[in-house]
Amino acid sequence: MKKLSAVFTLLALVSVTSFADDSTLPPAPAADVAQLKEVCQQMASEDQVENAELKQYVLDCVNDQLTEIGYKSVTDVN
C-alpha cells in the first residue's frame, strides 16, 4: 500500500494539467503504461473487483492516470 501511495504521490507531483484534446497529446512510453497497469491491477485486487469487470477497471484506471500526466489514452492494456 505504501508503494501504491508513493506512485500516486509521484504522479500528482509531476502531473501536467492539460485541457487539450486527447488527439494532441503524445503517446505514453510502453514502460509507463506497463507500470500503471501493474499499479491499477493492485488497486483492483485491493478493491476486490470482479473478474468480469477487471479489464475495464484497469483500462479506465490506466487512462485516468495517463490523462493526468499529459499522455494520450490507450484503447487496450494487454
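Refer to the structure presented above.
This structure is a prediction, so every number in the text was calculated from the model and none was measured. (Residues numbered from 1 in each chain as written. Predicted model: local features only at pLDDT ≥ 70, side-chain atom pairs only at ≥ 80, totals over all residues. Heavy atoms only, no water.)

### Things to note about unusual backbone geometry
What counts is decided by this rule: Secondary structure elements are defined from DSSP: runs of H or I of at least 4 residues count as helices, runs of E of at least 2 residues count as strands, and each element is numbered from the N terminus. Relative accessibility under 20% of the residue-type maximum defines a buried residue, over 50% an exposed one, and the middle range a partly exposed one, all with a 1.4 Å probe and only protein chains included.
Despite not being glycine, glutamine 48 shows a phi value in the positive range, around 55 degrees. Here glutamine 48 is to be found in the loop between helix H2 (30-46) and helix H3 (51-68). Look at glutamine 48 and you get exposed, because its relative accessible area is 66%.

### Comments concerning the environment of threonine 75
Inspection of the secondary structure assignment puts threonine 75 in the segment after H3. Spatially, the C-alpha atoms of threonine 75 and asparagine 63 are 8.6 Å apart, while their sequence positions differ by twelve residues.

### Remarks on the nonpolar core
Using the following cut-off: Think of a nonpolar core as a cluster: buried Ala, Val, Leu, Ile, Met, Phe, Trp, Tyr and Cys residues, connected wherever their side-chain atoms sit within 4.5 Å.
With twelve residues, the main nonpolar core is built from Ala28, Val33, Leu36, Val39, Cys40, Met43, Val58, Leu59, Cys61, Val62, Leu66 and Val77. At the level of elements, H2 and H3 are the ones that each hand at least two residues to this core.

### Notes on the state of the cysteines
Here is the rule: Any two cysteine sulfur atoms lying within 2.5 Å of each other are counted as a disulfide.
Applying the stated criterion to the full structure yields one disulfide. Put simply, cysteine 40 and cysteine 61 are joined by a disulfide, and their sulfur atoms are 2.0 Å apart. In this structure, the disulfide formed by cysteine 40 and cysteine 61 twists by about -75 degrees around the S-S bond and is classed as left-handed. In this pair, cysteine 40 sits in helix H2 while cysteine 61 sits in helix H3, placing the two residues 21 residues apart along the sequence. Take cysteine 61: its relative accessible area is 9%, and that puts it in the buried class.

### Digging into the pattern of salt bridges
The condition is simple: Throughout this description, the term salt bridge denotes a Lys or Arg side-chain nitrogen within 4 Å of a carboxyl oxygen of Asp or Glu.
Taken as a whole and judged by the stated rule, the model has one salt bridge. For the salt bridge of lysine 55 with aspartate 76, the shortest nitrogen-to-oxygen distance reads 4.0 Å. Separated by 21 residues along the polypeptide, lysine 55 in helix H3 and aspartate 76 in the segment after H3 bring together distant segments of the chain. Residue classification places aspartate 76 among the partly exposed positions, given a relative accessible area of 36%.

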